[in-house]
Amino acid sequence: ITNDGRPKTWPLLTDGSRIFFTSYSEAAGYEAHQVSVKEGGESIALPLPVKRAGLVDISPDRTELLLCRYERSDSTSCELWVAPLMGGAARRLGDLAAKNSAAAWSPDGQQVVYARDQELHIARVDGTEVRKLAKVAGEPFWVRWSPDGSRVRFSVIPGDGAAISLWEARIDGNLAYPLLPGWNASYACCGNWTPDGKYFVFHASVHQTVDLWAIREKVGWFSRAERGPFQLTNGPLNMWTPVPSADGRRLFVIGAQLRAEFLRYDLKSGQLVPAFDGISGTG
């Protein structure tokens, strides 16, 4: 879809016709960008009405962006703002602040869930009626709401050095629990439901590379269908942050193939120059 070769960071968001993401360049640093789903090609900058803000989520009706504004570069939490997608003034969601840029809109657009310290909280979109949803043994990030509004799923950075894993919490409860207990993955993160709620897709590292995986939802008691997780990709690219298209027929992902180049230090000029014709290698 894009061909600029610039690094891109999560999250990916889509309104159906465009994909929104954060891209990095030496000249501009980190900037929100957009690109056409149909045409692809060159992405263009997406001006945001809030300075030092990053993309977090898109509203269910695809008309507004949820932004996270860091007051300082060393801040550990960010203010939650809403900006119209077609331009206009942004508004802050009360005094809500999220850690790790972890926040998401509810399917009805009336609430947001967000991380604060080691807890998940829910509030109305005007910043009122705040309540604690669950406490987590670690740092929650990348939170997403199920299409039916009954639960949220998120990733957790544990404090004991264990693997990053996927967790779930029901909206009507106060308990968070592992989504895939005992699954042998060194890293599992950043999932999204398909629009029909039948699948939950995410990325995970099981065999060194990072691939896409899926869980089948709504498996009946008498169904022979397995829940998974099922591996979707297996190739040279690391696949990150899958986001289903609006019609649920495709997945948009950030694909990356890491390169490492040998450098040689020239004693006469005092410069570092590429070695071995710039081939990729390490060690």
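Above this text sits the structure in question.
Read on for a plain summary of the structure. On a predicted model such as this, the values are computed, not experimentally measured, just so you know.

Let's talk about the side chain of T14
For T14, the position within the fold is in strand β1 (residues 8-14). Taking relative accessible area as the criterion, T14 reaches 5% and is therefore assigned buried. From its side chain, T14 meets the backbone nitrogen of G16 in a polar contact 3.1 Å long. Setting aside its immediate chain neighbours within four residues, T14 contacts I19, F20, V37, I58, R62, V243, P244 and F252.

Some remarks on the state of the cysteines
Overall, the coordinates contain 2 disulfides when judged by the stated rule. The disulfide partner of C189 is C190, and the S-S distance across this bridge is 1.9 Å. Measuring handedness by torsion sign, the sulfur bridge of C189 and C190 sits at about 45° and is right-handed. Residue C189 is classed as buried on the basis of its relative accessible area of 0%. Along the chain, the cysteines that take part in disulfide bonds pair up as 1-2, 3-4, counted in sequence order.

Some details on unusual backbone geometry
With an omega of 5°, the peptide bond between W10 and P11 qualifies as cis. Mapped onto the fold, P11 is located in strand β1.

Things to note about the nonpolar core
In terms of nonpolar packing, the biggest core is built from 18 residues, with V113, L133, V143, V152, F154, A169 and A176 touching the most fellow members. Only β10 (111-116), β11 (119-124), β12 (131-135), β13 (139-145), β14 (151-157) and β15 (165-170) provide two or more residues apiece to this core. With 3 residues, the single largest contributor to this core is β14. Of all hydrophobic cores here, the second largest spans 15 residues; its members include A103, V112, Y114 and A123.

Description of the pairing of β12
Judged from the 4 bridges that link them, β11 and β12 form a sheet pairing that is antiparallel. Note that in β12 the partner of L120 across the bridge is A134. Taking the residues between adjacent antiparallel strands as the criterion, β11 and β12 are bridged by 6 residues, where G127 takes a positive phi near 90°.

Focus: the pattern of salt bridges
Tallying each qualifying case throughout the model produces 15 salt bridges. The residue E217 makes a salt bridge to R151 at a minimum N-O spacing of 3.6 Å. Residue E217 is located in the loop between β19 (209-216) and β20 (230-231), and its partner R151 is located in strand β14; the two are separated by 66 residues in the primary sequence. As far as the burial class goes, E217 and R151 line up, both buried. One salt-bridge network, in which partners are shared between bridges, spans R151, R153, E168 and E217.

Reading guide: rules and limits
Residues numbered from 1 in each chain as written. Predicted model: local features only at pLDDT ≥ 70, side-chain atom pairs only at ≥ 80, totals over all residues. Heavy atoms only, no water. Helix = DSSP H or I, 4+ residues; strand = E, 2+ residues; numbered from the N terminus. Buried < 20%, exposed > 50% of the residue type's maximum accessible area, 1.4 Å probe, protein only. Polar contact = N/O pair within 3.5 Å; in protein donor to acceptor, adjacent residues only side chain to side chain. Contact = heavy atoms within 4.5 Å. Disulfide = S-S within 2.5 Å. Core = buried A, V, L, I, M, F, W, Y, C linked by side-chain atoms within 4.5 Å. Pairing = 2+ DSSP bridges. Salt bridge = Lys/Arg side-chain N within 4 Å of Asp/Glu carboxyl O.

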